[in-house]
Amino acid sequence: MIVDAVSWRWVFLINLPLALVAVLLFGILFGIAALAVVGKLLAVVFIVWFWFSPEHTDVGYQPEQPILYSHKLHAGLLGMDCRYCHREVENGPHATVPDADTCMGCHKQVQNESPRLALLRENYGDGSGDNLPIPWIKVHLLPDYAYFSHAVHVNANVGCTSCHGRVDQMEIVRQVEPLSMGWCLECHRNPETHVRPKDVKATDMAWQPTEASIASAKERLTRGELNPPTHCSACHR
């Protein structure tokens, strides 16, 4: 029994390094597997964070409208003011889109037999307003939990191009900015390049900020005339 006990101790001591090596190898392999899993999870998080952001999912959205309306022709070449069609943009949260009566204000006389305007004439009918509205497709989609007022921004003289780009150069309107929370906050924290002087229309598509306009905007911010909020309840009400 004494010999067996001694022999067992020698066997244990001899095999101890091998056991330690095995444990070490297991730990290394386990660590590599864990790092691989963590790496994959981080890769998925990065892909979702980066590629699923509005900058990649929303920018470039350009649906074809039921009536082929050209902003390049109307707002660009003809120089029509945005407010003729989007007439509530200065008065409330929504810019509103034109109804058939607004369009027919011109098209009773202009291109009044064009096949491209057949749906407009159909929806207008006899002008009584009983027909269905034009099924315009919304381009700039904000989530329901985000409050945005066009009137607040337009009356602060933030131009249309700040959010919508050069619509006057678009045949079919497309989204050019992400309109994400981070994008909005960036503007609210540094609005100087977007706030126009009082003698410049918000609908002037060609306007560009200057050193004088930036200085004027900073002065209005300093006086408290403008106070772009950055707290949560400004947009999440």
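Structure: above.
Residues numbered from 1 in each chain as written. Predicted model: local features only at pLDDT ≥ 70, side-chain atom pairs only at ≥ 80, totals over all residues. Heavy atoms only, no water.

S.K.: Is there a simple way to think about the overall build of the protein in this case?
M.R.: Of the regular secondary structure elements, the protein holds 10 helices and 0 strands. The secondary structure elements of the protein, listed N-terminal to C-terminal, are α-α-α-α-α-α-α-α-α-α. Put simply, the protein has 237 residues, and 27% of those count as buried. By element, 64% of the accessible surface of the protein is carried by carbon and sulfur atoms, the whole surface being about 16600 Å². (Helix = DSSP H or I, 4+ residues; strand = E, 2+ residues; numbered from the N terminus. Buried < 20%, exposed > 50% of the residue type's maximum accessible area, 1.4 Å probe, protein only. Areas by Shrake-Rupley, 256 points an atom, 1.4 Å probe, with all protein chains shown as cover.)

S.K.: I would appreciate a short explanation of unusual backbone geometry in the present structure.
M.R.: Leaving glycine out, the prevailing phi sign among residues is negative, and the prevailing peptide bond configuration is trans. Despite not being glycine, Thr96 shows a phi value in the positive range, around 65°. The residue Thr96 is located in the loop between α4 (82-85) and α5 (100-107) in this model. Despite not being glycine, Asn157 shows a phi value in the positive range, around 70°. Within the secondary structure, Asn157 sits in the loop between α7 (150-155) and α8 (161-164).

S.K.: It is not clear to me how the pattern of salt bridges should be interpreted in this structure. Could you clarify?
M.R.: Once the charged atoms of two side chains with opposite charge are near each other, the side chains can pair. Per the counting criterion, the structure on display carries 8 salt bridges. For the salt bridge of Asp99 with Arg87, the shortest nitrogen-to-oxygen distance reads 3.4 Å. In this pair, Asp99 is assigned in the loop between α4 and α5 and Arg87 in the loop between α4 and α5, connecting sequence segments 12 residues apart. With relative accessibility at 33%, the residue Asp99 sits in the partly exposed group. You can call Arg87 partly exposed: its relative accessible area is 42%. For Glu225, the salt bridge identified is with Arg223, shortest N-O distance 2.6 Å. Under the relative-accessibility criterion, Glu225 is labelled partly exposed at 35%. Within this structure, Lys198, Glu219, Arg220, Arg223 and Glu225 form a network of salt bridges that share partners. (Salt bridge = Lys/Arg side-chain N within 4 Å of Asp/Glu carboxyl O.)

S.K.: Please clarify how the environment of Ala146 should be interpreted in this entry.
M.R.: Turning to its location among the elements, Ala146 is positioned in the loop between α6 (118-124) and α7. The class of Ala146 is partly exposed, set by a relative accessible area of 25%. Here the alpha-carbon distance between Ala146 and Arg237, two residues 91 residues apart in the chain, equals 7.8 Å. Setting aside residues up to four positions removed in sequence, Ala146 forms contacts with Cys235 and His236. (Contact = heavy atoms within 4.5 Å.)

S.K.: Could you clarify how one ought to interpret the nonpolar core in this entry?
M.R.: The tendency in soluble globular proteins is for nonpolar side chains to be buried side by side. In this structure, Ile67, Ala100, Cys103, Met104, Leu117, Leu120, Tyr124 and Ile134 together form the largest nonpolar core, which totals 8 residues. Listing elements by their share of this core, those giving two or more residues are α5 and α6. If you tally residues by element for this core, the top one is α5, at 3 residues. Apart from the residues lying within four places of it in its own chain, the contact partners of Cys103 are Pro98, Leu120 and Ile134. Residues Cys82, Cys160, Met170 and Val173 belong to the second largest nonpolar core, which totals 7 residues. (Core = buried A, V, L, I, M, F, W, Y, C linked by side-chain atoms within 4.5 Å.)

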